[in-house]
Amino acid sequence: MNFNERMKTFGFNKVLHYLEKDPETNIPKLMEFVDHVFPKDEFASQRAAIHKAIDEKNNWYQLIMRVYDLDPETRVTFFRNFMLNGNLLSWPTQDENREKYGCNIPWAILLDPTSACNLHCTGCWAAEYGQNLNLSFEDIDSIITQGKELGTYVYIYTGGEPLVRKDDLIRLCEKHDDCIFLSFTNATLIDEAFCKEMLRVKNFVPAISLEGFEEANDSRRGSGVYNKVMHAMELLKEYKLPFGISTCYTSQNYDDISSEAFFDKLIEMGAFFIWFFHYMPVGKDASPDLLPTPEQRITVYDRIRSYRQTKPIFSMDFQNDAEFVGGCIAGGRRYLHINANGDVDPCVFIHYSNANIHDCTLLEALQSPIFMAYHDEQPFNGNMFRPCPMLENPDILPRIVKETGAHSTDPQAPEAAGELCAKTAPYAEKWTPAAEKLWAERLAEKAGK
């Protein structure tokens, strides 16, 4: 750790201790400290948003205050591991390594501890992967160790159902206690014993999959799942643990998951964030009929942006919010995906690769042909409402896969990139006029500020 990093760490820890005494009084003083210590252009937009929240006591301020209802030690660990290690300290290291190695370096790594799952949800590509693939504890430990050397301290589990591997995930939290771990989960395996383990390690955050209210959720995930999810959220709230929601919007549930009642229910249950994912027809049995229409996608877009101004919960729509991250974030630009077989994919939805973590280092995977194609071609479209090389630009992915010699990493039913994108091409054709109109409006809005 160099002098600048030591000073940031020292100052950050002092501020955390100071805030714990009286957050409502001392948060404004924290921002005065941040403005004094850090360069003016470092995280400028985020700092401006916090200043606005403090001044107006708005929904974002209310969200900050909700954080102070959490278990104190878990809260402090989250702040230190996510904000300090995962961003303030690691971001400069990632930038240095991007320059040094000439490739993308991820802010976060998604990985599948297992392909096994206790549910079989409609439209879930992971359901096709079978039940027998696993990354060993040693595999995951090695990935995290290599990632930290590159500056990556944020790790996200998907699957399969990651909590099938509860014991190993907790061991990894213990060994890498300087990282923050988030896990997509159906929540049916969250019980009191696991909540106590989360309290003990303090650096594990569930992102619970929920597709709307009971009828909409259980029609996709199975009868009784909604009530099990509600029980898991009640336990997490009782134990004062941080958690959020992950939801996939389709043509069938878009109205449910973007409703004010849904947002209010999640806040009531104690969720701190909700991540929205656009349905992707990945897998041979995936139905294109579940793709939202342009009108439905715009409804989700409008509602989420409206609730950001009023609801004390952090929401992110990964398809409609690409403007805030400069387009597609896959291919290691901000994240990558490693499946339970060890294949290193550019994206959790793009199952094509030249590299397997059992045969190469993480850095070598980032320098592999398909990852370098992502590096060289991002953003894939100047219109930030058309970020994806598969969904909104279906001509790009088949070309990249062919040119780089990448192969399908689906172990059960490999799907050619052209076959996949044939399912999204009609969607892209319908969405393009709506996207062009939306983007023109956003550019005009920004110019008017």
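The coordinates are above.
This report concerns the structure included in the present document. In this text the structure is predicted, and so the values were computed from the model without any measurement.

Let us look at the environment of Leu16. With respect to the helices, strands and loops of the structure, Leu16 is situated in helix H1 (residues 3–21). For the pair formed by Leu16 and Ser115, sequence separation is 99 residues and the distance between their alpha carbons is 39 Å. Among all residues touching Leu16, those that are not within four sequence positions of it are Val76, Phe79 and Arg80.

Before going further, it helps to examine the packing of aromatic side chains. Applying the stated criterion to the full structure yields 19 aromatic pairs. Considering the side-chain rings of Phe82 and Trp107, the 6.0 Å spacing of their centres and the 85 degrees angle between planes classify their relative orientation as edge-to-face. With Phe82 in helix H5 (residues 72–101) and Trp107 in the loop between H5 and strand S1 (108–111), this residue pair connects regions lying 25 residues apart in the sequence. Trp107 sits in the partly exposed class, given a relative accessible area of 21%. Put simply, the rings of Tyr68, Phe78, Phe79, Phe82 and Trp107 pair up and form one aromatic cluster.

Turning our eyes to something else, we now look at the environment of Met83. Here Met83 shows up in helix H5. Assessed through its relative accessible area of 35%, Met83 is described here as partly exposed. Residues Met83 and Gly212, 129 residues apart in the sequence, show an inter-C-alpha distance of 30 Å. Ignoring sequence-local partners within four residues, the contact set of Met83 consists of Phe12, Phe78 and Leu88.

Each strand in a sheet pairs with another by means of backbone hydrogen bonds, the pair being arranged parallel or else antiparallel. Taken together, the nine strands give an open sheet; going across it, the order is S7-S6-S5-S4-S3-S2-S1-S8-S9, and neighbouring strands pair in mixed fashion. Among the strands making up the open sheet, the edge pair consists of strand S7 (314–317) and strand S9 (344–345). In terms of strand pairing, strand S4 (residues 204–209) meets strand S5 (residues 244–249) through three bridges, oriented parallel. Across the sheet, residue Ala207 finds its bridge partner in S5, namely Gly244.

Of the two faces of strand S8 (residues 335–338), both are covered, the one formed by Tyr335 and His337 as well as the one formed by Leu336 and Ile338. Sheet analysis places S1 next to S8, joined by four bridges and oriented parallel. Note that in S8 the partner of Ile109 across the bridge is Leu336. Examined bridge by bridge, S8 and S9 share two bridges and lie antiparallel to one another. Of the residues in S9, the one forming a bridge with His337 is Asp345.

Take the nonpolar core next. Within the largest apolar cluster, 141 residues are counted, with the highest numbers of intra-cluster contacts made by Tyr157, Phe204, Ile338, Tyr352, Met390 and Leu397. It is helix H17 (residues 417–447) that contributes the most residues to this core, nine residues altogether.

Bringing unusual backbone geometry into the picture now. Along the chain, Gly159 connects to Gly160 via a cis peptide bond; the corresponding omega equals 15 degrees. Along the chain, Gly160 falls in the loop between strand S2 (154–157) and helix H7 (166–175). The peptide bond linking Gln378 to Pro379 adopts the cis configuration, its omega dihedral lying at -5 degrees. The phi torsion at Lys57 lies on the positive side, around 50 degrees, for a residue other than glycine. Assignment of secondary structure puts Lys57 in the loop between helix H3 (44–56) and helix H4 (59–67). Lys57 sits in the partly exposed class, given a relative accessible area of 45%.

Moving on, we get to the side chain of Glu5. Along the chain, the position of Glu5 falls in helix H1. Contact partners of Glu5, with chain neighbours within four places excluded, come to Leu89 and Thr93.

At a minimum axis separation of 9 Å, helix H10 (residues 225–238) and helix H12 (residues 260–269) run at an interaxial angle of 45 degrees. Regarding the angle of H10 to H12, the classification is oblique. Of the residues in H12, those in contact with Tyr226, Met230, Met233, Glu234 and Lys237 of H10 are Lys265, Glu268 and Met269. By residue class, the composition of the contact of H10 with H12 is four nonpolar, no polar and four charged.

Of all six residues making up strand S3 (residues 180–185), six are buried, and the element is well covered by its neighbours. Side chains of S3 alternate between two faces, with Ile180, Leu182 and Phe184 and Phe181, Ser183 and Thr185 buried alike. For S2 and S3, the ladder comprises four bridges, and the chain directions are parallel. Pairing of Tyr157 across the sheet is with Ser183, part of S3. In terms of strand pairing, S3 meets S4 through five bridges, oriented parallel. Looking at the pairing, Leu182 lines up with Val205 of S4. With respect to chirality, the unit in which S3 leads through helix H8 (residues 192–201) into the neighbouring parallel S4 is right-handed.

Parameters at a glance
- Residues numbered from 1 in each chain as written.
- Predicted model: local features only at pLDDT ≥ 70, side-chain atom pairs only at ≥ 80, totals over all residues.
- Heavy atoms only, no water.
- Helix = DSSP H or I, 4+ residues; strand = E, 2+ residues; numbered from the N terminus.
- Contact = heavy atoms within 4.5 Å.
- Phe/Tyr/Trp six-rings, centres within 6.5 Å; stacked < 30°, edge-to-face > 60°.
- Buried < 20%, exposed > 50% of the residue type's maximum accessible area, 1.4 Å probe, protein only.
- Pairing = 2+ DSSP bridges.
- Core = buried A, V, L, I, M, F, W, Y, C linked by side-chain atoms within 4.5 Å.
- Axes fitted to C-alpha atoms, helices over the stretch in contact; angles between N-to-C directions.
- Parallel < 35°, antiparallel > 145°, perpendicular 65-115°, else oblique.
- Nonpolar A, V, L, I, M, F, W, Y, C, P; charged D, E, K, R; others polar.
- Right-handed = clockwise from strand over helix to strand, strands pointing away.

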